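Here is how the chains run, residue by residue.
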Protein chains: 2
Amino acid sequence: MDRIKALRIIENRAAPNCRRVRIFLAEKGIEIPYDQIDIMAGDHFKTEYREKVGTYRVPVLELSDGSFLTESIAICRFFEMENPEIPLFGRTQLEVSLVEMWQRRMEFELLWPIAFVLRHGNPKMTVLEDQCEAWSVANRPRVLVGLETLNKQLTHNQFIVGPNFSVADITAIVAVNFLRTIRVEIPEHLEFLLNWKATVSQRSSIGA
Amino acid sequence: MDRIKALRIIENRAAPNCRRVRIFLAEKGIEIPYDQIDIMAGDHFKTEYREKVGTYRVPVLELSDGSFLTESIAICRFFEMENPEIPLFGRTQLEVSLVEMWQRRMEFELLWPIAFVLRHGNPKMTVLEDQCEAWSVANRPRVLVGLETLNKQLTHNQFIVGPNFSVADITAIVAVNFLRTIRVEIPEHLEFLLNWKATVSQRSSIGA
């Protein structure tokens, strides 16, 4: 059987999950064509897209066997195996486990709460979400808890899982940059988080 | 440096995330001591637990270096590397990516919606959750969408990702068994899902 190849990514440049994949690929030096889909026009909900891809999510990786891979982290893992020389999911048994743990915590405790505040609370987001405004309100304080958690972890680590930049940092920087959409500033006393943000923001991948 | 070893798991037998880890370990034939924590008494919110573990979640894996690993899937991945001969996160580049994709989809589209319905809607769950009842209500229809998605994927697959049982099946069976807590039955027309459930339920690991 021929080896399955990555053909292109269907994405939307404004979506944070898409940005996670773009940064990941830039870190690995992997180039791939990106095709844009207009999610604010609801194009990802159209029957043609959903039947082809199997869900309404972005981003999507089209593969040479005709299948489509969704879920940002699944797409990243595909490329981790494509170019394992620059490991972003960890190296040792412990580091791999800690990257998984922190990648998930940064999703569940920071990126999702920010997304919930925005998608369930901003009138412009009705095209993307059956809104539940109470859920937007409930998540706003959780965002600050997530920022405190990240700051605490960074008090004794250069990156989130020690000395090596990982996919956990990618999820976290995308979440932190997404704060502006809900008009939240990082509190000044979270200095380890602010220093980490300044350092990570200098990486060339962050502009991807 | 000595190799880091798994010492024990702190968990609660009734919690679905804990059950995921128990089934995973049973599939791999790995034995480890389990210590129970009473989450319905709020013991995981106590300062001593949170300071030790770094979060209020269960389950937690205690390691021989004195650290604690949380997040069910991170714990499972630790043990995947401990005993890779029985792979539950996939074998090839494509299978590993598809397991990641389906594991996540079964969490986000099925297990979390069920958990949200229960935790935000059942008065007994106030000890576990700052409840947002509207979020419970919003998630109930999503549970049925998740079951339809699972059934559709199983129309052409023995297990969720083809011929091999994986952690995606573990997440899905734990979710499906958790339906009783929100009094939802699998609709009769989802016959592929019902057949898969009957097959998976016969595995000895499921009683773990």
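On a predicted model such as this, the values are computed, not experimentally measured, just so you know.

Caption draft 1: A look at the overall build of chain A. Along its length, chain A carries seven helices and four strands. Reading the helices (α) and strands (β) of chain A from amino to carboxyl end gives β-α-β-α-β-β-α-α-α-α-α. Taken over C-alpha atoms, the radius of gyration comes to 17 Å for chain A, in line with the 17 Å a tight globule of 208 residues would show. With the principal axes as the frame, chain A shows a C-alpha extent of 50 × 45 × 25 Å. Counting the 208 residues in chain A, one finds 57% classified as buried. Taking as baseline every contact in chain A between residues at least 6 positions apart, the subset at least 24 positions apart corresponds to 66%.

Caption draft 2: Highlighting the relation of the copies chain A and chain B. Turning chain A through 180 degrees and shifting it by 0.0 Å along the axis lays it on chain B, with an RMSD of 0.0 Å. Overall, the copies show the geometry of a two-fold rotation axis.

Caption draft 3: Expanded view of the packing of aromatic side chains. Here the structure, examined in full by the defined rule, presents 16 aromatic pairs over all chains. With a centroid separation of 6.2 Å and an interplanar angle of 90 degrees, the aromatic rings of Phe108(A) and Phe108(B) are classed as edge-to-face. One end of the pair, Phe108(A), is in helix α4 (residues 93-121); the other, Phe108(B), is in helix α4 (residues 93-121), on a second chain. Here Phe108(B) falls in the buried class, since its relative accessible area comes to 19%. Aromatic side chains Phe24(B) and Phe89(B) sit 5.7 Å apart centroid to centroid with 55 degrees between the ring planes, which places their arrangement in the tilted category. On the criterion of sequence distance, the pair formed by Phe24(B) in helix α1 (residues 16-28) and Phe89(B) in the loop between α3 (72-82) and α4 is long-range, its members being 65 residues apart. Look at Phe24(B) and you get buried, because its relative accessible area is 0%. A cation over an aromatic ring shows up here: Arg77(B) above the ring of Phe89(B), its NZ or CZ 4.1 Å from the ring centre.

Caption draft 4: Fine view of helix α3 (residues 72-82) of chain A. In terms of burial, α3(A) is largely enclosed, as nine of its eleven residues are buried. Listing the buried residues of α3(A) in full gives Ser72(A), Ile73(A), Ala74(A), Ile75(A), Cys76(A), Arg77(A), Phe78(A), Phe79(A) and Glu80(A).

Caption draft 5: Up close: the packing of α1(B) against α4(B). Residue and element names in this part refer to chain B. Interhelical geometry of α1 versus α4 gives an angle of 145 degrees and a closest axis separation of 13 Å. Classified by chirality, the crossing of α4 by α1 is right-handed. Contact residues: Pro16, Asn17 and Arg20 in α1; Gln103, Glu107, Leu111 and Trp112 in α4. Taken together, the residues of the contact of α1 with α4 break down into three nonpolar, two polar and two charged.

Caption draft 6: Examining the domain arrangement of chain A more closely. Residue and element names in this part refer to chain A. Per the domain assignment, the segments of chain A are domain 1 (6-82) and domain 2 (93-207). Each of domain 1 and domain 2 has a C-alpha centre, and these two points are 21 Å apart. Facing the 17 residues of domain 1 at the interface are 21 residues of domain 2. In this assembly, domain 1 and domain 2 are joined by three salt bridges. For glutamate 27, the salt bridge is made with arginine 203, and the minimal N-O distance between the two is 2.8 Å. Where domain 1 packs against domain 2, one counts eight residue pairs in polar contact (both at pLDDT 80 or more). Contributing elements (two or more residues each) for the side of domain 1 that touches domain 2: α1 (16-28) and α3. Sorting elements by how many residues they give to the side of domain 1 that touches domain 2 places α1 first, with eight residues.

Caption draft 7: Here's a closer look at empty space enclosed by the protein. All names here are of chain A. Within the structure shown, the criterion is met by one cavity of 30 Å³ or more. The volume enclosed by the largest cavity comes to roughly 30 Å³. Considering the residues around the largest cavity, the lining is formed by Ile73, Arg77, Phe89, Val99, Glu100 and Gln103. Of all the elements in the fold, those that place two or more residues in the lining of the largest cavity are α3 and α4. Considering every element that reaches the lining of the largest cavity, the biggest residue donor is α4, with three residues.

Caption draft 8: Geometry of the interface of chain A and chain B. Each partner contributes to the interface: chain A provides 40 residues, whereas chain B provides 40 residues. In total, chain A and chain B occlude about 3300 Å² of area from one another, counting both sides; carbon and sulfur atoms represent 59% of this. Broken down residue by residue, the surface that chain A buries against chain B is led by Glu71(A), Gln93(A) and Arg104(A), which jointly contribute 19%. At the boundary of chain A and chain B, one finds eight salt bridges. Scanning the region where chain A abuts chain B turns up twelve residue pairs in polar contact (both at pLDDT 80 or more). Where the side of chain A that touches chain B is concerned, the elements lending two or more residues are β4 (68-70), α3, α4 and α5 (133-154) of chain A.

Caption draft 9: Geometry of the layout of surface pockets. What the second largest pocket holds in volume is close to 340 Å³. Its residues placed into classes, the lining of the second largest pocket shows eight nonpolar, two polar and five charged.

Cut-offs applied
- Residues numbered from 1 in each chain as written.
- Chains lettered and ligands numbered in written order.
- Predicted model: local features only at pLDDT ≥ 70, side-chain atom pairs only at ≥ 80, totals over all residues.
- Heavy atoms only, no water.
- Helix = DSSP H or I, 4+ residues; strand = E, 2+ residues; numbered from the N terminus.
- Rg over C-alpha atoms; globule rule 2.2 N^0.38 Å.
- Buried < 20%, exposed > 50% of the residue type's maximum accessible area, 1.4 Å probe, protein only.
- Contact = heavy atoms within 4.5 Å.
- Least-squares fit on C-alpha atoms with pLDDT ≥ 70 in both.
- Phe/Tyr/Trp six-rings, centres within 6.5 Å; stacked < 30°, edge-to-face > 60°.
- Lys NZ or Arg CZ within 6 Å of the ring centre and 35° of its normal.
- Axes fitted to C-alpha atoms, helices over the stretch in contact; angles between N-to-C directions.
- Left-handed = near helix turned anticlockwise from the far one by under 90°.
- Nonpolar A, V, L, I, M, F, W, Y, C, P; charged D, E, K, R; others polar.
- Domains from an automatic or database assignment.
- Salt bridge = Lys/Arg side-chain N within 4 Å of Asp/Glu carboxyl O.
- Polar contact = N/O pair within 3.5 Å; in protein donor to acceptor, adjacent residues only side chain to side chain.
- 1 Å grid on protein atoms, 1.4 Å probe; cavity = no way out; pocket = protein on both sides within 12 Å on 5 of 7 lines; lining within 4 Å.
- Points joined across faces, edges and corners; volume = space filled by probe spheres on them.
- Buried area = accessible area lost by both parts, 1.4 Å probe.

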